[in-house]
Amino acid sequence: MPDTGAMVRAMKNQLQNIDYCRQQAREHDPERYYISLLASANKRPGIWALIAFNQEVSKTRAVVSEAMLGEIRLQWWREALEGIAAGTPRAHPVVEALAHEIHDFLAIRRHLDAIIDTWSDDFGGEQVTLASIRKHADGTGGVLNAAMLLILNADAGASQLDLAQAAGRAWSLMGTVRALPHELATPSSDWQSLLSDAAGRPAQQAENMVSAVLPTVRKLLASLESDIANLRDALPDARRDAALRTVLGLVPLTELELRAAKRVGDDLMSLDERLPGNARKLLALMKYQFWG
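Computed from a predicted structure; not experimentally measured.

> Looking at this structure, how should I read the side chain of glutamine 55?
Tracing the sequence through the fold places glutamine 55 in helix 3 (residues 44-58). When neighbours within four sequence positions are excluded, glutamine 55 is seen to be in contact with Gln24 and His28.

> Where do I start with the packing of aromatic side chains in this structure?
Taken as a whole and judged by the stated rule, the model has 5 aromatic pairs. An angle of 65 degrees between the planes, with centres 6.1 Å apart, marks the rings of phenylalanine 290 and tryptophan 291 as edge-to-face. A relative accessible area of 69% places tryptophan 291 in the exposed class. An aromatic cluster of three or more residues is present, and its members are Tyr33, Tyr34 and Trp48. Taking the ring centre of tryptophan 76 as reference, the NZ or CZ of arginine 90 above it sits at 4.8 Å.

> What is the right way to look at the environment of glycine 249 in this model?
One can find glycine 249 in the loop between helix 12 (242-247) and helix 13 (250-264). Residue classification places glycine 249 among the buried positions, given a relative accessible area of 0%. Considered as a pair, glycine 249 and leucine 271 are 22 residues apart in the sequence and their alpha carbons are 22 Å apart. Among residues more than four places away in sequence, those in contact with glycine 249 are Ile35, Leu285 and Tyr288.

> Quick question: what am I supposed to make of the pattern of salt bridges here?
Opposite charge on two side chains allows them to pair when their charged atoms are near. Summed over all chains, the structure comprises 19 salt bridges. Between aspartate 138 and arginine 169 there is a salt bridge whose closest N-O contact spans 2.8 Å. Remark: arginine 169 occurs in helix 9 (residues 158-178) and aspartate 138 occurs in helix 8 (residues 130-152); sequence separation between them is 31 residues. You can call arginine 169 buried: its relative accessible area is 18%. The partner of lysine 262 in a salt bridge is glutamate 225, and the shortest N-O contact between them spans 2.7 Å. Of this pair, lysine 262 sits in helix 13 while glutamate 225 sits in helix 11 (residues 206-238), placing them 37 residues apart in sequence. The partly exposed category is assigned to lysine 262, whose relative accessible area is 47%. Under the relative-accessibility criterion, glutamate 225 is labelled partly exposed at 37%. Beyond isolated ion pairs, a larger network of salt bridges with shared partners links Glu31, Arg178, Glu257 and Lys281.

Rules of the game
Residues numbered from 1 in each chain as written. Predicted model: local features only at pLDDT ≥ 70, side-chain atom pairs only at ≥ 80, totals over all residues. Heavy atoms only, no water. Helix = DSSP H or I, 4+ residues; strand = E, 2+ residues; numbered from the N terminus. Contact = heavy atoms within 4.5 Å. Phe/Tyr/Trp six-rings, centres within 6.5 Å; stacked < 30°, edge-to-face > 60°. Buried < 20%, exposed > 50% of the residue type's maximum accessible area, 1.4 Å probe, protein only. Lys NZ or Arg CZ within 6 Å of the ring centre and 35° of its normal. Salt bridge = Lys/Arg side-chain N within 4 Å of Asp/Glu carboxyl O.

Below you can see the structure in the form of structure tokens.
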């Protein structure tokens, strides 16, 4: 006879893993969490597992200071994905949630590998350029959003995945702008490569730091504005597909923050004060969902 006690414990563990991922998503990535609420209830746990995985991998840069330590942490996650594929997931709430809540894990696997590889490349100390910023955004937020679409629609076509990835990339690019005040104050930031004068001396004053990065930031905002315009053009047709409409919810959220960035102009250090709060983001998502 089936071991009823074991089945109950397994079910309890599964529910605990789902709740852990949900809490991680809500606390650390509220915008994608809000978007997950637009999906059907049976799809949300898989999305929360993806978001929690992304949080675990993306925080590597923040929790370790040495490249080797970062690689060790990222390798742990590579091996965790291997374990899921082999049917032997590691005992970690996010790993177990990925294994149990993503029903076609092999279809999603390459996206998760790509996210890890992108963060691994981040330890290479590449100089900050518009191209490097866009590449990083594409390999993180872009790939993650494409994976979210596959959770919602395993049969999503290439053009739909491209749109989802473009929306995720745009949101990550906006995240780069949003994080600039913190990055400029962080000695280990890749942006430090731009914070020096002609003699190679580091810029010490906040106004000098901002002046050093402004040319790159202006190019970034211009490229982001172009990306959003292209996505807006695609929205009328894209909205006909419920799954694609859900993951493209990042478009109105990016627009909200892009408008705030344009209002502050060159005063980047005051951007935090102008960014929309969660209530405004939720209203924007509701408007998008029901009226476009």
